[in-house]
Amino acid sequence: PTVTSPCKILKCNSEFWAATSGSHHLGTEEAPEFCTALRAYAHCTRRTARTCRGDLAYHSAVHGIDDLMVQHNCSKDGPTSQPRLRTLPPGDSQERSDSPEICHYEKSFHKHSAAPNYTHCGLFGDPHLRTFTDTFQTCKVQGAWPLIDNNYLNVQVTNTPVLPGSAATATSKLTIIFKSFQECVDQKVYQAEMDELPAAFADGSKNGGDKHGANSLKITEKVSGQHIEIQAKYIGTTIVVRQVGRYLTFAVRMPEEVVNAVEDRDSQGLYLCLRGCPQNQQIDFQTIRSTQATEGRAHRKGPSLPAAPKAFTYETATAKCREKLPVEDLYFQSCVFDLLTTGDVNFMLAAYYAFEDVKMLHSNKDKLHLYERTRDLAPGNTAPSGTPHSLWVALLCLSQCWLGLL
């Protein structure tokens, strides 16, 4: 119910930012007007509280309102009528390039120290997760799950079934919240859904708002409706979101310092990019290969899917995946897995683009390929660049099992 409920928090956010653009930077005489807008914002969130209980953007807004109330000495009691809408002056922050140094991560945080160590996390396909510690998992995680949750931003994904009655899921919705940060950026919300990949934040802006360092947060559209990139220079972070077929993929490059910036790591809730999927949500290629073949044939022949994509055998799936993924690593194996599970060739493209994003975002070029499941290995433990003999044996046995079943 929380996934499909009519939560109106983005409307509340948009109304507040539209009503207050620039007001809280013009001087103390604007404080009453800003507090009025803030109370209206709080009232709007209360109206939609029941339908937004599971929405990450809602909870972020509630906390943000409390913080702003304290910062501007606003009373919770008082008028709540919306103040007049403001028009930003010519040459506003959308065009500013003179961001303060604190809004450039590498210049401000590491001026007198070694370059930061960057990490990568990605989610794509059925879905498959590569964590910040280079573990690789295939998960169920149906519904809404937190992907990233730290002091600077929150990312939540919603995964829905690919086929009726199937356990296979893929990402159908993505919400990213960039929290307000000093004089650099205002709080910004980005939300994408199936068949809707905006090139702007929820309030229509393409940067960090009205603060002096607004351009340290920017959205760039690479391919209309298919590929956007968000640069958050103030935290040294790059995010890539794609729509491949009907579903979304996510990839991020982030400094370890930002990854680990949490108030209380021991008591922090689940955070997929850092902690991986819960044990009961993980799927093992080896233990489900026989049922996958049986269920795959059942789905492909089922009367409920008259317009299902082209069916794949193990041989045709591996041949298709080799077209884009010549190295038989876990991205290749994920591709085969997804084609057999869904019959949708777009999942081959999702695996291909996920690996392209790894090549662009991962700082350690020796760890681009992963060759074995790393759920039970130490963080960052991967196979060497060459495929070991034992893996070839395992792959040969796996292929023979598939051929026997198919």
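A few points on the structure. Bear in mind the structure is a predicted one, so any value in this text is a computation, not a measurement.

## Observations concerning the overall build of the chain
Along its length, the chain carries 11 helices and 12 strands. Of all 406 residues assigned to the chain, the portion counted as buried reaches 53%. Excluding contacts between residues fewer than 6 apart, the proportion of contacts in the chain whose partners are at least 24 apart in sequence is 62%. Of the roughly 18700 Å² that the chain leaves accessible, carbon and sulfur atoms contribute 52%.

## Points about the sheet that holds strand β4 (residues 143-149)
The sheet built from 4 strands is open, its strands ordered β4-β5-β6-β7 with antiparallel pairing. Edge positions in the sheet fall to β4 and β7 (188-193), since each of these pairs with one other strand and no more. Strand-to-strand twist of the sheet, defined as the mean angle between neighbouring strand axes without regard to direction, takes the value 20°. Note that strand β6 (residues 169-178) and β7 share 6 bridges and pair antiparallel. Residue leucine 174 lies in a different strand from β7, and its bridge partner there is alanine 192.

## Here we look at the pattern of salt bridges
Applying the stated rule across the entire model yields 6 salt bridges. The partner of lysine 320 in a salt bridge is glutamate 323, with the nearest N and O atoms 3.4 Å apart. Note that lysine 320 and glutamate 323 are positioned in helix α8 (residues 314-324) at a spacing of 3 residues, about one turn of the helix. When its relative accessible area of 55% is taken as the criterion, glutamate 323 is described as exposed.

## Details of the environment of lysine 222
In this fold, lysine 222 is placed in strand β8 (residues 217-223). With a relative accessible area of 47%, lysine 222 lands in the partly exposed category. In sequence terms lysine 222 and valine 240 are 18 residues apart; their C-alpha atoms lie 9.8 Å from each other. The residues touching lysine 222, leaving out its near neighbours within four places in the chain, are His227, Ile228 and Glu229.

## A look at the environment of valine 358
Here valine 358 is to be found in helix α10 (residues 346-361). The sequence separation of valine 358 and valine 252 amounts to 106 residues, and the corresponding C-alpha distance is 8.9 Å.

## Thoughts on the state of the cysteines
Following the criterion strictly, the structure yields 6 disulfides and no others. The residue that forms a disulfide with cysteine 35 is cysteine 74, at a sulfur-sulfur distance of 1.9 Å. With the S-S dihedral at roughly -75°, the linkage between cysteine 35 and cysteine 74 falls on the left-handed side. In this pair, cysteine 35 sits in helix α2 (residues 31-47) while cysteine 74 sits in the loop between α3 (56-71) and α4 (105-108), placing the two residues 39 residues apart along the sequence. The disulfide partner of cysteine 321 is cysteine 335, and the gap between their sulfur atoms is 2.0 Å. Where cysteine 321 bonds to cysteine 335 through sulfur, the torsion about that S-S bond is close to -90°, and the disulfide is left-handed. Taken as a pair, cysteine 321 in helix α8 and cysteine 335 in helix α9 (residues 330-342) lie far apart in primary sequence, 14 residues in all. On the basis of relative accessible area, cysteine 335 is assigned to the buried category, the value being 0%.

Conventions adopted
- Residues numbered from 1 in each chain as written.
- Predicted model: local features only at pLDDT ≥ 70, side-chain atom pairs only at ≥ 80, totals over all residues.
- Heavy atoms only, no water.
- Helix = DSSP H or I, 4+ residues; strand = E, 2+ residues; numbered from the N terminus.
- Buried < 20%, exposed > 50% of the residue type's maximum accessible area, 1.4 Å probe, protein only.
- Contact = heavy atoms within 4.5 Å.
- Areas by Shrake-Rupley, 256 points an atom, 1.4 Å probe, with all protein chains shown as cover.
- Pairing = 2+ DSSP bridges.
- Axes fitted to C-alpha atoms, helices over the stretch in contact; angles between N-to-C directions.
- Salt bridge = Lys/Arg side-chain N within 4 Å of Asp/Glu carboxyl O.
- Disulfide = S-S within 2.5 Å.

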